[in-house]
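These are the residues of each chain, in order.
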Amino acid sequence: MSKRFLFYTTLKKPLGDLRGGIILVTSMVLFAISIAAQQGWTKISSLKQNDQPATINAVFYDGDNLWLVGADGLVMRSTDDGRNFNEVDVGVKEGLNDVFARKDRIWIVGDGGLIVSSTDKGKSFSKTTYDANRKGLSVPQDKTLDLYSVEFESNDEGYIVGDEGLIIHTTDGGRNWLFQASGTKAQLFHLSFLKDEGWIVGTGGMILHTNDGGQSWYPQRSGVDVDLNRVFFINDKVGLVTGDKGTLLRTDSAGSIWQKVETGIQEPLFGISFLDKKTGWVVGYQGRVIRTYDAGLHWVDQVSNTTIDLFSVSFRDNHGFAIGRDGVVMRYFEKR
């Protein structure tokens, strides 16, 4: 896993072949949470796993379900806007790094090439393991590649990125994954797709772009050499990238030119989420939350009511959620 994400527990883990198997979801621990009906950011929970502060790596909110994933196979779900969380047993102990949900389907990726998915709203899950050695990536036989980010454009077509420049693509909902040549050995942390056009970011200022569904990938000049952590495109021209040392990049030319947005921030920036074409949030270390009202041209600080490092954020409708170190879950609400 990535040396960049200090909330991950280790750096690298092994990887195997694609193997399927149904794992029944069991309802585990119920966390009762009281949520104040106030506007702004509120800490709603400090979740635990095995009586220790949980390590949560990613959050995804679709307006109905709130999914959290993290270390030691942690999967948690809330169906009531974070008032209660149920721990879901998907039968794995590997670190889980990202989650993406679309209608009835959920996909989760993690260490050692692990891919966990559901087609029935999380009632049951299957797991597979991507074997890079058999798919054209030259890595030692005893080495496996961690997967960091997953995104689906439809119920059938999706992408995953990870270690050693790994990009894989599916057109059948994840039953089969095909290798795509990235032309780099950088760790690839995150991706953003709009139909056939996509962007990926990673270590050393790496930005990759495709306009043909990943048949060919080309580097774009980011103008920085720090690690880039998240990418989000509002439309096919305007996109944002977050990174270390307070790096925030913006393009209005599909990435032909990337420009630094001056925020005065020095701490790493991570999660990014937009509510509409104009309104978005970025979260980072020391409880940093910044907000834009003009599609990322300008950003203002928001009071987050926490100094905990924040790693991931997800918005829908008029509220959203951010997760951070020590199992912290933050909720944002405003009247619109």
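Remember, predicted model here, so these are calculated numbers, not experimental data.

> Explain the environment of threonine 170 to me, and be specific about the residues and the numbers.
Relative to the elements of secondary structure, threonine 170 occurs in strand β16 (residues 167-170). Taking C-alpha positions, threonine 170 is 7.0 Å from aspartate 156, a pair spaced 14 residues apart along the chain. Setting aside chain neighbours within four positions, we find threonine 170 in contact with Phe152, Asp156, Glu157, Gly158, Arg175, Asn176 and Trp177.

> Please give an account of the sheet that holds strand β15 (residues 158-162) that cites residues and values.
An order of β14-β15-β16-β17 is seen for the four strands of this open sheet, with the pairing classed as antiparallel. Of all the strands in the sheet, just β14 (147-152) and β17 (178-180) have a single pairing partner and so form its edges. The sheet shows a mean angle of 25° between the axes of neighbouring strands, direction not considered. As paired elements, β14 and β15 share five bridges and run antiparallel to each other. Bridge pairing in β15 places leucine 147 opposite glycine 162.

> Before we move on, can you summarise the sheet that holds strand β31 (residues 319-324) with the specific residues and values?
Strand order in the open sheet made by the four strands is β3-β32-β31-β30, with antiparallel pairing throughout. Looking at which strands have only one partner, the edges of the open sheet turn out to be β3 (40-46) and β30 (310-316). When the angles between neighbouring strand axes are averaged without regard to direction, this sheet yields 20°. Examined bridge by bridge, β3 and strand β32 (residues 328-333) share six bridges and lie antiparallel to one another. For lysine 43, the partnering residue across the bridge sits in β32 and is methionine 330.

> Residue-level account of the environment of glutamate 262, with values.
By the secondary structure assignment, glutamate 262 is in the loop between β25 (259-260) and β26 (269-274). You can call glutamate 262 exposed: its relative accessible area is 67%. Linking glutamate 262 and threonine 247, residues 15 residues apart in sequence, is a C-alpha distance of 8.3 Å.

> Would you mind going over the pairing of strand β12 (residues 114-118) in detail, with residue names and values included?
Buried residues dominate β12, accounting for five of its five residues. Burial of the side chains of β12 extends over both faces: Leu114, Val116 and Ser118 are buried on one face and Ile115 and Ser117 on the other. Strand direction decides the pairing type here: strand β11 (residues 105-110) and β12, joined by four bridges, are antiparallel. The residue bridging isoleucine 106 from the neighbouring strand is serine 118, located in β12. Between the antiparallel neighbours β11 and β12 lie three residues, among them glycine 112 with a positive phi of about 65°. Here four bridges tie β12 to strand β13 (residues 124-129), and the two strands are oriented antiparallel to one another. The residue of β13 that forms the bridge with serine 117 is serine 126.

> Go over the confidence of the model for the protein with me, naming the residues and quoting the values.
Looking at the protein, pLDDT values average 88 and 85% of them are 70 or higher. Note that residues 1-36 has pLDDT below 50 and, in this model, 131 contacts with residues that lie over four places away or in other chains.

> Can you lay out the nonpolar core for me, pointing to particular residues and giving the numbers?
Trp67, Val75, Ile108, Ile115, Phe125 and Ile160 are the most contacted members of the largest nonpolar core, which has 29 residues in total. Mapped onto this core, the elements with two or more residues apiece are β6 (56-61), β7 (66-70), β10 (96-102), β11, β12 and β14. Here isoleucine 160 is in contact with Val109, Ile115, Leu147, Ser149, Val150, Leu166, Ile167, Ile168 and Trp177, once residues within four sequence places are set aside. Residues Leu66, Tyr285, Phe321 and Val329 belong to the second largest nonpolar core, which totals 17 residues.

> Please provide a residue-by-residue account of the packing of aromatic side chains, values included.
The geometry of an aromatic ring pair is captured by the separation of the ring centres together with the interplanar angle, meaning the angle of the planes. Counted by the stated rule, this structure contains 20 aromatic pairs. Here the aromatic rings of phenylalanine 233 and tryptophan 258 are separated by 5.9 Å at their centres, their planes lie at 90°, and the arrangement is edge-to-face. Placement of the pair is phenylalanine 233 in strand β22 (residues 228-233) and tryptophan 258 in the loop between β24 (248-251) and β25, with a sequence separation of 25 residues. Each member of the pair, phenylalanine 233 as well as tryptophan 258, is classed as buried. Summarising the aromatic geometry, the rings of phenylalanine 274 and tryptophan 299 are spaced 6.5 Å apart at their centres and angled 85° between planes, so their arrangement reads as edge-to-face. Taken as a pair, phenylalanine 274 in strand β26 and tryptophan 299 in the loop between β28 (289-292) and β29 (300-301) lie far apart in primary sequence, 25 residues in all. What makes phenylalanine 274 buried here is its relative accessible area of 9%. Note on tryptophan 299: relative accessible area 14%, which makes it buried. Members of the aromatic cluster, joined through ring pairs, are Trp41, Trp281, Phe315 and Tyr332.

> Provide a residue-level description of the pattern of salt bridges, including the pertinent values.
One pass over the structure, following the stated rule, counts five salt bridges. A salt bridge links arginine 288 to glutamate 267, with the nearest nitrogen and oxygen atoms 3.4 Å apart. Linking arginine 288 in the loop between β27 (280-284) and β28 with glutamate 267 in the loop between β25 and β26, this pair joins segments that are 21 residues apart in sequence. Judged by relative accessible area, which is 21%, arginine 288 ranks as partly exposed. Put simply, aspartate 301 and arginine 288 hold a salt bridge, and the shortest N to O gap is 2.9 Å. Placement of aspartate 301 in strand β29 and of arginine 288 in the loop between β27 and β28 is noted, with a sequence separation of 13 residues between them. One network of salt bridges, in which partners are shared, links Glu267, Arg288 and Asp301.

Conventions used here
- Residues numbered from 1 in each chain as written.
- Predicted model: local features only at pLDDT ≥ 70, side-chain atom pairs only at ≥ 80, totals over all residues.
- Heavy atoms only, no water.
- Helix = DSSP H or I, 4+ residues; strand = E, 2+ residues; numbered from the N terminus.
- Contact = heavy atoms within 4.5 Å.
- Pairing = 2+ DSSP bridges.
- Axes fitted to C-alpha atoms, helices over the stretch in contact; angles between N-to-C directions.
- Buried < 20%, exposed > 50% of the residue type's maximum accessible area, 1.4 Å probe, protein only.
- pLDDT = per-residue confidence, 0-100.
- Core = buried A, V, L, I, M, F, W, Y, C linked by side-chain atoms within 4.5 Å.
- Phe/Tyr/Trp six-rings, centres within 6.5 Å; stacked < 30°, edge-to-face > 60°.
- Salt bridge = Lys/Arg side-chain N within 4 Å of Asp/Glu carboxyl O.

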